[in-house]
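Breakdown of the fold
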Amino acid sequence: QVQLVESGGGLVQAGGSLRLSCAASGSIFSFNAMGWYRQAPGKQRELVASITDRGRTTYADSVKGRFTISRGNAENTVFLQMNRLKPEDTAVYYCNGALIHYSEYDGDYWGQGTQVTVSS
């Protein structure tokens, strides 16, 4: 079975940086797109950034200029470099992988999440 695992979350002061990592295991395919979502307490889950297998990126307006999504050299890996963090960035961050037009395994895959807490 395909599993996504996030790492790199933690507690950081406002203005600091964190780098999140996500890696998939148990797959024999490449995700068409991978991305990061986040969910703060009492709020809906929202897209933070995504990147397609062609390298096209998308960012939420709230993180543009501060966050950078990138692919790793290993297949089905993705990173999120978060700079100049703000308290409002505090949330659980989830890794997502999307598989389209491949097989019966098509769909969205999610990690368990990693907590990011930014103190003021």
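The following paragraphs examine the structure supplied in this document. Quantities reported herein were computed from a predicted structural model and do not represent experimental measurements.

Cut-off values and rules
Residues numbered from 1 in each chain as written. Predicted model: local features only at pLDDT ≥ 70, side-chain atom pairs only at ≥ 80, totals over all residues. Heavy atoms only, no water. Salt bridge = Lys/Arg side-chain N within 4 Å of Asp/Glu carboxyl O. Helix = DSSP H or I, 4+ residues; strand = E, 2+ residues; numbered from the N terminus. Buried < 20%, exposed > 50% of the residue type's maximum accessible area, 1.4 Å probe, protein only. Contact = heavy atoms within 4.5 Å. Pairing = 2+ DSSP bridges. Axes fitted to C-alpha atoms, helices over the stretch in contact; angles between N-to-C directions.

**Quick notes on the pattern of salt bridges**
Tallied over the entire structure, the rule returns four salt bridges. A salt bridge links K64 to D61; its shortest N-O distance comes to 3.1 Å. Salt-bridge contacts for D89 lead to R66; the nearest nitrogen and oxygen are separated by 2.8 Å. Here R66 lies in the loop between β6 (57-59) and β7 (67-71) and D89 lies in the loop between β8 (77-82) and β9 (91-99), a separation of 23 residues in the sequence. In this structure, D89 and R66 share a single accessibility class: buried. Residues joined by salt bridges that share partners form a network here, namely R38, E46, R66 and D89.

**What about the environment of R45?**
Tracing the backbone shows R45 in the loop between β4 (33-39) and β5 (46-52). It is 22 Å that separates the C-alpha atoms of R45 and D106, two residues lying 61 residues apart in sequence.

**Quick look at the environment of V63**
Residue position: V63 is located in the loop between β6 and β7. Taking the C-alpha atoms as reference points, V63 and D108, separated by 45 residues in sequence, lie 23 Å from one another. Those residues in contact with V63 that sit more than four places away from it in its chain are R38 and V48.

**Side note on the sheet that holds β8**
The four strands lie next to each other as β1-β3-β8-β7, forming an open sheet whose pairing is antiparallel. Edge positions in the open sheet fall to β1 (3-7) and β7, since each of these has one partner strand only. Between one strand axis and the next, the sheet turns through 15° on average, direction left out of account. As judged from the six bridges shared by strand β3 (residues 18-25) and β8, these two strands associate in the antiparallel manner. What sits directly across from L20, in β8, is L80.

The values reported here are purely geometric and, on their own, carry no functional implication.
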